Amino acid sequence: MASASSISSYYLHNLCSNILQRDPNSKPRKNITTLNKIRTFPLLHRPPICSSRWEGRDSSTFNIFASVASADIELDETVEKVQLPKGDTWSIHKFGGTCVGTSERIRNVADIIVKDGSERKLVVVSAMSKVTDMMYALIFKAQSRDDSYISTLDAVLEKHKSTALDLLEGDGLSSFLSRLHQDIGNLKAMLRAIYIAGHATESFSDFVVGHGELWSAQLLSSVVQKNGLDCKCMDTRDVLVVNPTSSNQVDPDFLESGKRLEKWYSENPSNMIVATGFIASTPQNIPTTLKRDGSDFSAAIMGALFRARQVTIWTDVDGVYSADPRKVSEAVILKTLSYQEAWEMSYFGANVLHPRTIIPVMTYDIPIVIRNIFNLSAPGTMICQSIGSEDENGQRLESPVKGFATIDNLALVNVEGTGMAGVPGTASAIFSAVKDVGANVIMISQASSEHSVCFAVPENEVKAVSSALESRFRQALDAGRLSQIAVISNCSILATVGQKMASTPGVSASLFSALAKANINIRAIAQGCSEYNVTVVVNREDCIRALRAVHSRFYLSRTTIAMGIIGPGLIGGALLDQLRDQAAVLKEKFNIELRVMGITGSRTMLLSDVGIDLSKWRDLQMEKGEKADMQKFVQRVHGNHFIPNTVIVDCTADSYVASRYYDWLRQGIHVITPNKKANSGPLEQYLKLRALQRQSYTHYFYEATVGAGLPIIKTLQGLLETGDKILRIEGIFSGTLSYIFNNFVGTRAFSDVVKEAKEAGYTEPDPRDDLSGTDVARKVIILARESGLKLELSDIPVQSLVPEPLKASASAEEFMQQLPKFDQDLTKRRQEAEAAGDVLRYVGVVDVINQKGIVELRRYKKEHPFAQLTGSDNIIAFTTQRYEKQPLIVRGPGAGAEVTAGGVFSDILRLASYLGAPS
């Protein structure tokens, strides 16, 4: 190869004059003396570290913007031309800026290359981390006439110089530093010309920016050579030819690039090549870049040109995730993706590859592997032709949905009107207007009636789009053929992607069901016939919650529910302890994560953004508790968009808390409670609450309101749902009163049994709350309303066991002291019952036939099921058309914090099942 000569002062004069002439309105900041000084600036000879057509030209013909084909140096005809071997012997590696960001990382890359077992390999490298941004900053500052471009250029020099000093030595070091200083000198002169002109052309900018890739390729190839291996450095501007398009992209010219690659390889044969990413040339040999994600694109083009076995993209993540891990912490690494799936996910914003990167390798069925340079043990994600995913019995081995992606900051434009239906060219006119303002249409959805067309555009472009449409269709709007051009702002797109969706029934149904259960409103839907993706538009504030909901539904993550516990007393405390003890089992066996985000009592509350550590919730509440504020509590528990589903568990007996259920359900918050106040309160409020529940996908569970842990509500609902007719419900609903009358036998006084029950913890702190029968009446009214009766609590006659004179006792202690004075009446009734072979039981009755209810003390024969109770057990008998001769009996413990908390816990797991957890 002929020796390289220096670039002449004529080139710089021509270059600077060219820049100045391109902008006739630009005025030099200083007089022409500066330009005259540049004309005589001597430039250094460039040692050929990276073989390139951009060096070694005769000074009289060298011009960076002119074709140099006529000056190509002919190969010695006596030397046999080396053919480029193509095929599986080649593997392509691409290392991004983070991978070559420091000298230590460059050594690591060199080590990976050397250890790669491929017979031949080509390595594409990006500029060192942050260098491309620094190079763009140089141009911006220079054309803004900001003198700090000089210090930025010095920083670029120092970054590469210090890296070279750490990596290289001897001739390799001196050669690289000589080249580096020459390039910096050239850039300084060029940037000075831009500074004077006040602007730079795109081609000129591309040439300046491309130096980052040149330097990193030179450094890496020199490190490999230092290890004693033959390695050539390729300036891809000599090989890759691309045609710029009007959309800020380029189209590769594979035919011309292939010819140039053959020529380059014949002059530089090697089994190991380090090539520059990002940069290329136009057919006129003008330097350019491959635009966004250009280095990945370079690797894919090289893979196609070499017909390589595989293209490996090295990055700083373990592979392609099923969703953005910043939004879905449980996102998983996908082992494989088809080309089409990767294409769809990347289009919708997933951090995979740019869609155009996939095209070159897809043509030749070359797989792309995404791997983590910082975690070599991770296998990564392979993007290739679709691979079968069924076992020997034809059962699917993986979810038909591969992943999810989102795009934020969008607006929907809806063009609507009866005059659109059946009118040819309407859609064409709409999108022609959009094209004229240069807006990017992300998604289109049209009703089959042709009554409306809606489409999504970036929010920063919607104002121009709306104005253009109103101008284009002004006559149609005035005439009423179009009714409106509406804009819906603050939208996001959620795309569900999977190649197997097309052959799997029910995927769309599962998707929309998951969104509905998370209380997500869908603005628009789009789905192609291929069914590679189903796209929905949602409100921006709902986007992350929607993403988490659908991700959980397809078993790519745990079913996670954000919980707020109100009332950490006996029942609430027992529930929190049960949640703590079962957390690991629920995660491991059922993929359920119940994350308690808040605990509040009447005075203090404990809040967390990630979930409270239940192993020490009592200590945390004392140490970090703050003043209770119900509004703030609900906002924090429900406002965490990383968790799609929220439930508030009310473990109090408070009427005010119960009055908030309606608002919570309307906000999309599920409610679970053992609190009887809502279902036994005013009928109008109850009916309003139940109507809201039925109209939405928000759940309201209250099993523990009647039988604690016993399945009373569930049994009743099951009977009604299956068409049975309820005739009568009769039962002992109070565990306290069950204990009292089970032990009120022989010669024992009623007051002694009550005292014993109080000391054992069976009664409320004031036993009158139990003896009054009000609690039983609330349970009766709940069952009556569940059976279809529209009764108020005041409609239920209640026989109170509190003697009339003691109802006004000042305290529970005074009541207990006075109660023995009134034992005689109940003792007499017990004796009469025993004489007749009966027992006394305090019961509640729902008489559905006569549409009434009652709570009273009754006598039952000793062989009756109600007479067989022991301890504090409850018993409920359902008499129905199916169970008329022999009632359906539900019996078991009906009181106590542990069993009530267990009933609430059962409702929580029922909710998790409804929301997508495996049953």
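Residues numbered from 1 in each chain as written. Predicted model: local features only at pLDDT ≥ 70, side-chain atom pairs only at ≥ 80, totals over all residues. Heavy atoms only, no water.

## Some thoughts on the pattern of salt bridges
- Scanning the model with the defined rule gives 42 salt bridges in all.
- Across the pair Asp 873 and Arg 891 runs a salt bridge, and its minimum N-O distance is 3.8 Å. Of this pair, Asp 873 sits in strand 29 (residues 873-880) while Arg 891 sits in strand 30 (residues 888-893), and the two are 18 residues apart along the sequence.
- Residue Asp 873 is classed as buried on the basis of its relative accessible area, which comes to 17%.
- Within this structure, Asp 577, Arg 580, Asp 581 and Arg 618 form a network of salt bridges that share partners. (Salt bridge = Lys/Arg side-chain N within 4 Å of Asp/Glu carboxyl O. Helix = DSSP H or I, 4+ residues; strand = E, 2+ residues; numbered from the N terminus. Buried < 20%, exposed > 50% of the residue type's maximum accessible area, 1.4 Å probe, protein only.)

## What to know about the pairing of strand 14 (residues 443-446)
- Alternating residues of strand 14 divide into Met 443 and Ser 445, all buried, and Ile 444 and Gln 446, none buried.
- The pairing of strand 14 with strand 15 (residues 452-458) spans 4 bridges and is classified as antiparallel. The residue of strand 15 that forms the bridge with Ile 444 is Phe 455. (Pairing = 2+ DSSP bridges.)

## Re the packing of aromatic side chains
- Evaluation of the coordinates by the stated rule reveals 14 aromatic pairs.
- Taking 4.5 Å as the distance between ring centres and 55° as the angle between the ring planes, the aromatic pair formed by Trp 90 and Phe 306 counts as tilted. On the criterion of sequence distance, the pair formed by Trp 90 in strand 1 (residues 90-95) and Phe 306 in helix 10 (residues 294-306) is long-range, its members being 216 residues apart. Comparing Trp 90 with Phe 306, the two get one shared label, buried.
- Among the aromatic side chains, those forming a connected cluster through ring pairs are Tyr 661, Trp 664, Tyr 700 and Tyr 702.
- Directly above the aromatic system of Tyr 662 lies the positively charged group of Lys 688, at a separation of 4.5 Å from the ring centroid.
- Note that Arg 910 overlies the ring of Phe 701, its terminal NZ or CZ placed 4.1 Å from the centroid. (Phe/Tyr/Trp six-rings, centres within 6.5 Å; stacked < 30°, edge-to-face > 60°. Lys NZ or Arg CZ within 6 Å of the ring centre and 35° of its normal.)

## Description of the packing of helix 11 (residues 339-347) against helix 12 (residues 355-363)
- Interhelical geometry of helix 11 versus helix 12 gives an angle of 165° and a closest axis separation of 9 Å. Classified by the interaxial angle, the pair formed by helix 11 and helix 12 is roughly antiparallel. Our pair here, helix 11 against helix 12, has a crossing hand that is left-handed. Contact with helix 11, carried on its side by Tyr 339, Gln 340, Ala 342, Trp 343, Ser 346 and Tyr 347, involves Pro 355, Ile 358, Ile 359, Val 361 and Met 362 of helix 12 and no other residues of that element.
- Here the contact of helix 11 with helix 12 is composed, by residue class, of 9 nonpolar, 2 polar and no charged. (Axes fitted to C-alpha atoms, helices over the stretch in contact; angles between N-to-C directions. Parallel < 35°, antiparallel > 145°, perpendicular 65-115°, else oblique. Left-handed = near helix turned anticlockwise from the far one by under 90°. Contact = heavy atoms within 4.5 Å. Nonpolar A, V, L, I, M, F, W, Y, C, P; charged D, E, K, R; others polar.)

## Considerations on the confidence of the model for the protein
- Across the protein, the average pLDDT comes to 86, with 87% of residues at 70 or higher.
- In this model residues 56-79 is a low-confidence stretch, pLDDT under 50, and it forms 43 contacts with partners more than four residues away in sequence or in other chains.
- Every residue in residues 390-397 scores below 50 in pLDDT, and together they form 10 contacts with partners more than four places removed in sequence or on other chains. (pLDDT = per-residue confidence, 0-100.)

## Things to note about the sheet that holds strand 26 (residues 726-732)
- Read across the open sheet, the 5 strands follow the order 28-27-26-29-30; overall the sheet is antiparallel. Two strands close off the open sheet at either side, each with one partner strand: strand 28 (852-861) and strand 30. Between one strand and the next, the sheet's axes are offset by a mean angle of 20°, whatever the strand orientation.
- Here 4 bridges tie strand 26 to strand 27 (residues 838-847), and the two strands are oriented antiparallel to one another. Directly across from Gly 731, in strand 27, lies its bridge partner Gly 844.
- Running at roughly 155° to strand 27, helix 27 (residues 735-743) makes contact with strand 26, strand 27, strand 28 and strand 29 of the sheet.
- Taken strand by strand, helix 32 (residues 823-835) contacts strand 27 and strand 28, and its axis lies near 100° from that of strand 27.

## Some thoughts on the sheet that holds strand 22 (residues 626-627)
- Taken together, the 7 strands give an open sheet; going across it, the order is 22-21-20-19-23-24-25, and neighbouring strands pair in mixed fashion. If you trace the sheet from one side to the other, it starts and ends with strand 22 and strand 25 (700-701), each paired once.
- Across 2 bridges, the pairing between strand 24 (residues 670-672) and strand 25 is parallel. When the bridges of strand 25 are listed, Ile 672 appears paired with Phe 701.

## What to know about the nonpolar core
- If you look at the biggest cluster of nonpolar residues, it comprises 69 residues, and the most contacted ones within it are Tyr 661, Trp 664, Ile 729, Ile 740, Phe 741, Leu 771 and Leu 783.
- When residues in this core are grouped by element, the largest group, 7 residues, is from helix 30 (residues 774-786).
- Ignoring sequence-local partners within four residues, the contact set of Leu 771 consists of Leu 737, Ile 740, Phe 750, Val 754, Ser 800, Leu 801, Val 802 and Phe 815.
- Within the second largest apolar cluster, 55 residues are counted, among which are Ile 113, Met 134, Val 208 and Ala 217. (Core = buried A, V, L, I, M, F, W, Y, C linked by side-chain atoms within 4.5 Å.)

## Focus: the side chain of Ser 452
- Inspection of the secondary structure puts Ser 452 in strand 15.
- Look past the residues within four positions of Ser 452 in its chain and what remains in contact with it is Asn 414, Val 415, Glu 416, Met 420, Gln 446 and Ala 447.

## Some remarks on the packing of helix 10 against helix 12
- Viewed as axis vectors pointing N to C, helix 10 and helix 12 meet at an angle of 10°, and their least axial separation amounts to 8 Å. As judged from the angle between their axes, helix 10 and helix 12 are roughly parallel. Every residue of helix 12 that contacts helix 10 at Gly 294, Asp 296, Phe 297, Ala 300, Ile 301 and Ala 304 is listed here: Arg 356, Thr 357, Pro 360 and Val 361.
- Its residues placed into classes, the contact of helix 10 with helix 12 shows 6 nonpolar, 2 polar and 2 charged.

## Remarks on the environment of Gln 527
- Its place among the elements puts Gln 527 in strand 17 (residues 522-527).
- In the structure, Gln 527 is positioned 83 residues away from Ile 444 in sequence and 9.5 Å away in space, judged by C-alpha atoms.
- Excluding anything up to four places from it in sequence, Gln 527 contacts Ser 508, Asn 533 and Val 534.
- Side chain to side chain, Gln 527 and Ser 508 meet in a polar contact 3.5 Å long. (Polar contact = N/O pair within 3.5 Å; in protein donor to acceptor, adjacent residues only side chain to side chain.)

## Overview of the pairing of strand 1
- With 6 of its 6 residues buried, strand 1 lies for the most part within the structure.
- Of the two faces of strand 1, the one holding Trp 90, Ile 92 and Lys 94 and the one holding Ser 91, His 93 and Phe 95 are both buried throughout.
- Here strand 1 runs beside strand 2 (residues 120-125); their pairing, made up of 6 bridges, is parallel. Residue pairing in the sheet places Trp 90 in a bridge with Arg 120 of strand 2.

## Some details on unusual backbone geometry
- Notably, Asp 365 is not glycine yet its phi reads approximately 55°, a positive angle.
- In this structure, Asp 365 sits in the loop between helix 12 and strand 11 (368-372).
- Using a relative accessible area of 45% as the deciding quantity, one classes Asp 365 as partly exposed.
- Phi at Asn 519 takes a positive value of approximately 60°, unusual for a residue other than glycine.
- Counting through the fold element by element, Asn 519 comes out in the loop between helix 16 (507-517) and strand 17.

## Structural notes on the state of the cysteines
- Per the stated rule, a full pass over the model turns up 0 disulfides.
- Note on Cys 454: no disulfide assigned, nearest cysteine sulfur contributed by Cys 491 at a separation of 9.5 Å. (Disulfide = S-S within 2.5 Å.)

## Observations concerning helix 10
- With 13 residues, helix 10 should cover 18 Å at 1.5 Å per step; its first-to-last C-alpha distance of 18 Å lies within 8% of that length.
- When you tally the buried positions in helix 10, you get 13 out of 13 residues, the bulk of the element.
- Once helix 10 ends, the next one or two residues include Arg 307, with phi positive near 55°. (Expected span 1.5 Å × (residues − 1).)

## A few points about a nonpolar patch on the surface
- Taken together, the side chains of Trp 343, Tyr 347 and Ile 359 present a nonpolar region at the surface, about 280 Å² in accessible area.
- As for its position among the elements, Trp 343 is in helix 11. (Patch = residues over 30% accessible without salt bridge, like charges linked within 9 Å, V, L, I, M, F, W, Y side chains within 5 Å. Areas by Shrake-Rupley, 256 points an atom, 1.4 Å probe, with all protein chains shown as cover.)

## A look at the side chain of Thr 406
- Tracing the sequence through the fold places Thr 406 in strand 13 (residues 403-416).
- Reaching out from Thr 406, the side chain makes a polar contact with the side chain of Lys 327 at a distance of 2.9 Å.

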